[in-house]
Amino acid sequence: MLKDITLGQFFPGDTIVHRLDPRTKLILVFLYIVALFQANGWVGYGVVTAVTALCMLLSHIKPQNIFKGLKPMLFIIVLTALLNMFYTEGREIIPGWHMTWEGLARSVQMILRIVLLITGTFLLTYTTSPIALTDGLELLLNPLKKLKVPVHEMTIMMSMALRFIPTLIEETDKIMSAQKARGADFETGRLTERAKALLPILVPLFVSAFRRADELAVAMESRCYHGGEGRTRMKVLRLETRDWIALVLGVLFLAGMIVLRRFAL
């Protein structure tokens, strides 16, 4: 299960999606999320699904990578579907069972919404390196510096968090394998017993995380890191023609979803 968590991973490539400016991709993801929540009815969800599939095709991200990342969210997806299926008023599917056709339709739409939301955000991290993502977010939030908001510190923390997610997952997997080799059992027993069995994992994991954080702090100080003041970049971000085209298409997509929602209502 831990190996299925792909959040924070970056798949290098030379596709048009990879070449987009990180600021463009951040804005497009924001527009995509707003458009997704504007979807109302099967036509709206069909349009968002088609757009998501097109983005996956252009970025050359394999569907199995997306499905692999969805596995840890399976419990939430199933729970959401069941709650919507049994707690939505309407025509009963089976007499005596509080399971309605309207609830079934709503549960399918909620599953689609969660899957599409996760897929859209995964495409951002899959096609953008953490450093580029940090630079793009910092430039977008630059106006907040006038309000004394520590933009650089916030973005650098986000970059470190994304960078160390795969590392901590790998470290957890190694600790679990070592504990299993010593006879530990994490899969059987009651919920409380399985929770207690996780304690031998959490302690060395926290120790490892703090050690890595300390090593990172020493490395940054050794390289005379002193924050964002006067910092330069090796690659200066510039919006190209493809970025403007992508932004226009993103705005048109959102506008189309708003129009579809109004017609559906």
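Rules behind the numbers
- Residues numbered from 1 in each chain as written.
- Predicted model: local features only at pLDDT ≥ 70, side-chain atom pairs only at ≥ 80, totals over all residues.
- Heavy atoms only, no water.
- Salt bridge = Lys/Arg side-chain N within 4 Å of Asp/Glu carboxyl O.
- Buried < 20%, exposed > 50% of the residue type's maximum accessible area, 1.4 Å probe, protein only.
- Helix = DSSP H or I, 4+ residues; strand = E, 2+ residues; numbered from the N terminus.
- Arc of directions from axis to C-beta.
- Contact = heavy atoms within 4.5 Å.
- Axes fitted to C-alpha atoms, helices over the stretch in contact; angles between N-to-C directions.
- Parallel < 35°, antiparallel > 145°, perpendicular 65-115°, else oblique.
- Left-handed = near helix turned anticlockwise from the far one by under 90°.
- Nonpolar A, V, L, I, M, F, W, Y, C, P; charged D, E, K, R; others polar.
- Domains from an automatic or database assignment.
- Core = buried A, V, L, I, M, F, W, Y, C linked by side-chain atoms within 4.5 Å.
- Expected span 1.5 Å × (residues − 1).
- Polar contact = N/O pair within 3.5 Å; in protein donor to acceptor, adjacent residues only side chain to side chain.
- Phe/Tyr/Trp six-rings, centres within 6.5 Å; stacked < 30°, edge-to-face > 60°.
- Patch = residues over 30% accessible without salt bridge, like charges linked within 9 Å, V, L, I, M, F, W, Y side chains within 5 Å.
- Areas by Shrake-Rupley, 256 points an atom, 1.4 Å probe, with all protein chains shown as cover.

**Topic: the pattern of salt bridges**
Should their charged atoms come close, side chains of opposite charge can pair. As enumerated under the stated definition, the model contains four salt bridges in all. When the shortest N-O distance is used, the salt bridge between D14 and R19 registers 3.5 Å. Given a relative accessible area of 61%, D14 falls into the exposed group. Its relative accessible area of 39% is what places R19 among the partly exposed residues. Taking the shortest distance from any N to any O, the salt bridge between E138 and K145 comes out at 3.6 Å. Judged by relative accessible area, K145 falls into the partly exposed class, the value being 37%.

**Thoughts on helix α4 (residues 63-70)**
Those residues of α4 that sit buried are I66, G69 and L70. Taken down its axis, α4 places every buried residue within 105° of arc, on the same side. Where α4 is buried, its residues meet α3 (42-59), α5 (74-86) and α6 (101-127).

**Examining the packing of α3 against α6**
At a closest axis distance of 11 Å, the pairing of α3 and α6 adopts a crossing angle of 25°. By the angle between their directions, the pair α3 and α6 is classed as roughly parallel. Considering the relative orientation of α3 and α6, their crossing is left-handed. Counting all contacts with α3, which are made through W42, Y45, V48, T49, T52, C55, M56 and S59, the residues of α6 involved are A105, V108, Q109, L112, R113, L116, T119, L123 and T127. Looking at the contact of α3 with α6 residue by residue, the classes come out as ten nonpolar, six polar and one charged.

**A look at the domain arrangement of the chain**
Splitting the chain by domain gives domain 1 (11-128 + 237-262) and domain 2 (144-222). Domain 1 and domain 2 are separated by 29 Å when their C-alpha centres are compared.

**Describing the nonpolar core**
Counting residues in hydrophobic clusters, the biggest one holds eleven residues: L31, Y32, A35, L36, A39, Y45, V48, L116, F253, L254 and M257. Elements represented by at least two residues in this core include exactly α2 (22-38), α3 and α11 (241-264). Sort the elements by how many residues they give to this core and α2 lands first, with four residues. Ranked by size, the runner-up nonpolar core spans ten residues in total, among them I61, L70, I77 and F122.

**Let's talk about unusual backbone geometry**
In this structure, H60 is a non-glycine residue whose phi angle is positive, near 60°. Within the element layout of this structure, H60 appears in the loop between α3 and α4. A relative accessible area of 63% places H60 in the exposed class. For K148, which is not glycine, the phi dihedral falls at a positive 65°. Topologically, K148 is positioned in the loop between α7 (130-140) and α8 (151-181).

**Re α2**
An α-helix turns once per 3.6 residues; consequently, residues spaced three or four apart project the same way. Taking 1.5 Å as the rise per residue, α2 with 17 residues should run 24 Å; its terminal C-alpha atoms sit 24 Å apart, in good agreement. Looking only at α2, the buried set comprises P22, R23, T24, K25, L26, V29, L31, Y32, A35 and L36. Capping the start of α2, D21 holds a side-chain oxygen 2.8 Å from the backbone nitrogen of R23, two or three residues further along.

**Describing the packing of aromatic side chains**
Tallied over the full model, the rule gives three aromatic pairs. Ring geometry for F11 against Y126: centres 4.9 Å apart, planes inclined by 85°, an arrangement best described as edge-to-face. With a gap of 115 residues between them, F11 in the segment before α1 (16-19) and Y126 in helix α6 connect regions that are remote in the sequence. Given a relative accessible area of 24%, F11 falls into the partly exposed group. Aromatic ring contacts, followed pair by pair, group F11, F122 and Y126 into a single cluster.

**Considering the side chain of T52**
Within the element layout of this structure, T52 appears in helix α3. With relative accessibility at 4%, the residue T52 sits in the buried group. Reaching out from T52, the side chain makes a polar contact with the backbone oxygen of V48 at a distance of 2.8 Å.

**Quick word on a nonpolar patch on the surface**
Together, F75, I76, L79, L83 and Y87 make up a nonpolar patch on the protein surface, roughly 580 Å² of accessible area in all. According to the relative accessible area criterion, Y87 is exposed, its value standing at 65%.

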